[in-house]
Amino acid sequence: MTGAAPDVMPPATIKVLVTGPYNAGKTTLVSAISDIPVVTTETPSQDEAGPQHGAGSEATTTVAFDFGVFTVRDGAGVIELCLFGTPGQDRFSFFWEILAKSMLGFILMVDATDESTWGDARGILDFYRGLADVPYVVGANRAPGERQAARLRRALRLPPEVDVVPCQAIDRQSAAHLVLVLLRRVLVQMQDARTADAPAS
Amino acid sequence: MSVEREVLAEIRALRARVAGISGALVASVDGLLIAQDVPGVEPSGAAAMAATTLGLGQRVAQSLIGPGEFREAVTRSGGGYFVVYAAGRNAVLAVLAPDGLNVGRLHFEARRTTARIADLVAARSTAR
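Residues numbered from 1 in each chain as written. Chains lettered and ligands numbered in written order. Predicted model: local features only at pLDDT ≥ 70, side-chain atom pairs only at ≥ 80, totals over all residues. Heavy atoms only, no water.

This brings us to the packing of aromatic side chains. All names here are of chain A. All told, the structure shown has eight aromatic pairs over all chains when counted by the stated rule. Considering the side-chain rings of Phe106 and Tyr128, the 5.5 Å spacing of their centres and the 40° angle between planes classify their relative orientation as tilted. Here Phe106 is found in strand β6 (residues 105-111), whereas its partner Tyr128 is found in helix α3 (residues 118-131), with 22 residues between them in sequence. Of the two residues, Phe106 and Tyr128, both sit in the buried class. By the ring-pair criterion, three or more aromatic residues cluster together here, those being Trp96, Phe106, Phe127, Tyr128 and Tyr136. The cationic tip of Lys15 hangs over the ring face of Phe84; the distance from NZ or CZ to the ring centre is 4.5 Å. (Phe/Tyr/Trp six-rings, centres within 6.5 Å; stacked < 30°, edge-to-face > 60°. Helix = DSSP H or I, 4+ residues; strand = E, 2+ residues; numbered from the N terminus. Buried < 20%, exposed > 50% of the residue type's maximum accessible area, 1.4 Å probe, protein only. Lys NZ or Arg CZ within 6 Å of the ring centre and 35° of its normal.)

In structure tokens:
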């Protein structure tokens, strides 16, 4: 490299989905980490499975999607991670496939404190794994520690190479850590694909 | 009469006032069916789609169009129409119709229907 200033590279844009059962913390995660004001489509919800809401707060649910952008510096370049949060209830499953177009990876958010939702989490995981062969990580939201994350891993019957990351989606640093774990896997997959496509020397 | 039956009566009254409607339903804004008259269409899936369409439409109106209240979202294909209206803060009215519908007339008549449905649904929430 000479002393000349490097060319300005346009940011790479990487689309990932944030999915998981109702009330797992998807919208919370996207909101915590987005550099732009997050686009949400939440409505009041009468759903029974909402144990986390304190007195005076209203249960809400995403009916279309959330959208946020998280900008990351990667060496000399910039990566714009576009995060699409999906609705959780399976009556909105018609929309899951629409949202998944061109995704390079996904985060499965699961409420680590509510095992009644883990069956739904498993169903959602199977759905997305069936759609696309992309990297994913599991966010064990509200997990008090590694033991609950390990229980979740067993319940989801995950392959050993899939990360289960205890997190607090409401905390930006914790959210960023989770998203960066996924990003690393996505970049490795992209690099492997490039290497595979490269002409033999 | 239960709220659901009264809402169904409003749906049927709208169908009587506007020619060419093939079906209509009312759902909660989070996608749960309240009442329906949609022959040949799976109503629970349609209810969820109506809620998604309304939620997205309201977000578009607020973020992109600017000041002014959301009115309706119209999906049009070669086969006809799917029109979605807010019915108060907690419900959505969705209307299906083949091509040939007088859309202006539907919008006009739907105003009365959505106002009535909004009152009925609000009464239901208070009663719970």
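Alright, that's what it looks like, and here's the rest.
Moving on, we come to the sheet that holds strand β8 (residues 164-167) of chain A. All names here are of chain A. What the six strands build is an open sheet, ordered β4-β5-β1-β6-β7-β8; its pairing is mixed. At either margin of the open sheet sits one strand with a lone partner, and together these are β4 (66-74) and β8. Mean inter-strand twist for the sheet, computed between neighbouring axes without regard to direction, equals 25°. Pairing of strand β1 (residues 12-19) with β6, which is carried by four bridges, proceeds in the parallel orientation. Bridging from a neighbouring strand, Leu17 pairs with Phe106 of β6. Helix-sheet contacts for helix α4 (residues 146-156) involve β6, β7 (136-141) and β8, and the interaxial angle to β8 is about 140°. (Pairing = 2+ DSSP bridges. Axes fitted to C-alpha atoms, helices over the stretch in contact; angles between N-to-C directions. Contact = heavy atoms within 4.5 Å.)

Below, the discussion takes up the confidence of the model for chain B. Looking at chain B, the pLDDT average stands at 95 and 98% of residues meet or exceed 70. The complex prediction reports pTM at 0.89, with the ipTM value standing at 0.89. (pLDDT = per-residue confidence, 0-100.)

Attention now moves to the side chain of Asp37 of chain B. Residues and elements named next belong to chain B. Within the element layout of this structure, Asp37 appears in strand β2 (residues 33-37). According to the relative accessible area criterion, Asp37 is buried, its value standing at 15%. Only 3.0 Å separates the side chain of Asp37 from the side chain of Arg15, close enough to count as a polar contact. Among residues more than four places away in sequence, those in contact with Asp37 are Leu8, Ile11, Arg12, Arg15, Ser22, Gly23 and Ala24. (Polar contact = N/O pair within 3.5 Å; in protein donor to acceptor, adjacent residues only side chain to side chain.)

Taken residue by residue, the interface counts 13 residues in chain B and 16 residues in chain A. With both sides pooled, the region where chain B packs onto chain A buries about 1,200 Å², and carbon together with sulfur makes up 66% of that total. The largest per-residue losses of area from chain B upon contact with chain A belong to Asp30, Thr52 and Arg59 of chain B, which jointly make up 44% of the total buried on that side. At the junction of chain B with chain A, the criterion picks out one salt bridge. Measuring nitrogen to oxygen at the nearest pair gives 3.8 Å for the salt bridge that ties Asp30 of chain B to Arg91 of chain A. Counting every contact that joins chain B to chain A gives four residue pairs in polar contact (both at pLDDT 80 or more). (Buried area = accessible area lost by both parts, 1.4 Å probe. Salt bridge = Lys/Arg side-chain N within 4 Å of Asp/Glu carboxyl O.)

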